[in-house]
Amino acid sequence: MNRHSRYLFSFVKTNKSVIRTSHFTYYPDPPTPAQNKQKMNMFQAINNAMDIALGEDATALLFGEDVGFGGVFRCSINLRDKYGKDRVFNTPLCEQGIAGFAIGVANAGATAIAEIQFADYIFPAFDQIINEAAKFRYRSGGIFDCGSLTIRAPCGAVGHGALYHSQSPEAYFAHTPGLKVVVPRGPIKAKGLLLACVRDPNPCLVFEPKVLYRAAVEEVPADAYVSEIGKADVLRKGKDVTLIGWGTQVHVLLEVAELAKKDLKVDCEVIDLVSILPWDKDAICKKTGRVIVSHEAPLTQGFGSEISASIQEHCFLYLEAPVKRVTGWDTPFPHVFEPFYLPNKYRCLSAIKEVIN
């Protein structure tokens, strides 16, 4: 049992408290046309995706801290029993070692699915990911690469994670050509994005909002499928204000859109960016003329900055108001003050009033 496990096993066992203390209402995706569907929460959908990946590709390896036991969030439960300890296994408590080994595995021609137990602890592996994984293909002139590499990491607020188990580091990696970065909003998207990343010829990072692992339940297609990387989803049409988010924050914005319609008579469009790198610029420009970008990460240099700058640069003549950002604060992620830190529905609703007026 590693440094996080005692804390996290209590999280795994207390599902109801997570839902009760969370700052959002979950909005499931509508059922897909697939014939064969199963009711899954998000960690089950991720487990199913990795099961399919391991079954389809005999070279695929799955590894990370406690992964052989199922992981602290149980995303890899039963996979070692099915595929053996040579393909699904625990690693030492060393994130840079996990990333370095994953890069070597992928560079040698195998498929690597690596888990960083928390996105907060991906930073010791930052050099490996940024200076090795992202640049292998470029520096070799395309002769070799580590494209068959996917790194999964639980991220975001969980209700009681405090400063070392609640961060959203997607913007750090979005600055790096050669990587792909995605954030799912629920089980259907999580499975499709993970399988898309495993099959993609570029190194990919999947940041999974951990509070959704059990709170998010949908009818998920049982067979293999992929969700397109680099394409945003318009979840709700609207003509007055465009709300942009990703991960858990999408559900906050969907509730805000309902509140705005009811209380303010304002019709909001809601867009899930889905993919942070590459990101879908076409989906957000020339929309309603009023835009709010919301994310859990701090304001300064959060990915909302890039979106805001791009809208101002390319869509300025369509704007009726300055782009507004509703985000976490520029402080370490707090514990007892978490409700004041998060960009909840009340802060987002207040932002809608500001851009309308």
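Residues numbered from 1 in each chain as written. Predicted model: local features only at pLDDT ≥ 70, side-chain atom pairs only at ≥ 80, totals over all residues. Heavy atoms only, no water.

Draft legend 1. Expanded view of the domain arrangement of the protein. For the protein, the assigned domains are domain 1 (37-221) and domain 2 (233-356). Between domain 1 and domain 2, the contact holds 27 residues from the first and 23 residues from the second. A buried area of about 1900 Å², summed over both sides, lies between domain 1 and domain 2, and 60% of it is on carbon and sulfur atoms. For domain 1, the biggest contributors to the area lost against domain 2 are Glu170, Val183 and Arg185; these three give 29% of the whole. The closest approach of N and O atoms between Asp233 and Arg185, which form a salt bridge, is 2.9 Å. (Domains from an automatic or database assignment. Contact = heavy atoms within 4.5 Å. Buried area = accessible area lost by both parts, 1.4 Å probe. Salt bridge = Lys/Arg side-chain N within 4 Å of Asp/Glu carboxyl O.)

Draft legend 2. Just the state of the cysteines, in detail. Under the defined criterion, the tally for this structure stands at one disulfide. Covalent S-S linkage joins Cys285 and Cys315, the inter-sulfur distance amounting to 1.4 Å. Across the S-S bond linking Cys285 and Cys315, the dihedral sits near -130°, which makes this disulfide left-handed. Pair noted here: Cys285 is in the loop between strand 12 (275-277) and strand 13 (291-298) and Cys315 is in the loop between helix 12 (303-314) and strand 14 (324-328), with a separation of 30 residues, a long-range link. Pair check on accessibility: Cys285 and Cys315 agree, each one buried. The thiol of Cys268 is unpaired, and the distance to the nearest cysteine sulfur, on Cys348, comes to 10 Å. Given a relative accessible area of 1%, Cys348 falls into the buried group. (Disulfide = S-S within 2.5 Å. Helix = DSSP H or I, 4+ residues; strand = E, 2+ residues; numbered from the N terminus. Buried < 20%, exposed > 50% of the residue type's maximum accessible area, 1.4 Å probe, protein only.)

Draft legend 3. Seen up close, the UniProt feature "domain: Transketolase-like pyrimidine-binding" (unreviewed entry) in the protein. UniProt annotation of "domain: Transketolase-like pyrimidine-binding" (unreviewed entry) refers to residues 40-215 when read in the numbering used here. For residues 40-215, helix accounts for 38% and strand for 16%, while the C-alpha atoms at its two ends are 11 Å apart. (UniProt positions renumbered as here; feature names shortened; annotations may be inferred.)

Draft legend 4. Molecular detail of the sheet that holds strand 2 (residues 61-64). Spatial strand order, 3-2-4-5-7-6-12: seven strands in an open sheet with mixed pairing. Bordering the open sheet on either side are strand 3 (88-90) and strand 12, each of which pairs with just one other strand. When the angles between neighbouring strand axes are averaged without regard to direction, this sheet yields 20°. In this structure, strand 5 (residues 149-155) lies alongside strand 7 (residues 204-209), joined through six bridges in parallel fashion. (Pairing = 2+ DSSP bridges. Axes fitted to C-alpha atoms, helices over the stretch in contact; angles between N-to-C directions.)

Draft legend 5. Here's a closer look at the sheet that holds strand 13. Taking strand neighbours across the sheet as the criterion, the five strands line up as 9-11-10-13-14 in an open arrangement whose pairing is mixed. At either margin of the open sheet sits one strand with a lone partner, and together these are strand 9 (233-236) and strand 14. Averaged over all adjacent pairs, the angle separating strand axes in this sheet is 25°, with direction ignored. Where strand 13 meets strand 14, five bridges bridge the pair, whose relative direction is parallel. Within strand 14, the residue paired with Val293 across the bridge is Arg325. Against the sheet, helix 11 (residues 249-264) engages strand 9, strand 10 (241-245), strand 11 (268-272) and strand 13, with an angle of about 175° to strand 11. Helix 12 rests against strand 10, strand 13 and strand 14 of the sheet, and its axis sits at about 160° to strand 13.

Draft legend 6. View of a nonpolar patch on the surface. Taken together, the side chains of Phe316, Leu317 and Tyr318 present a nonpolar region at the surface, about 410 Å² in accessible area. Mapping Tyr318 onto the fold places it in the loop between helix 12 and strand 14. By relative accessible area, Tyr318 is classed as partly exposed at 46%. (Patch = residues over 30% accessible without salt bridge, like charges linked within 9 Å, V, L, I, M, F, W, Y side chains within 5 Å. Areas by Shrake-Rupley, 256 points an atom, 1.4 Å probe, with all protein chains shown as cover.)

Draft legend 7. Looking closely at the side chain of Gln249. Following the sequence through the fold, Gln249 ends up in helix 11. Within the local environment of Gln249, its side chain forms a polar contact with the backbone oxygen of Pro343, the two atoms lying 2.7 Å apart. Other than its neighbours up to four places away in sequence, Gln249 contacts His23, Ser294, His295, Glu296, Pro343 and Cys348. (Polar contact = N/O pair within 3.5 Å; in protein donor to acceptor, adjacent residues only side chain to side chain.)

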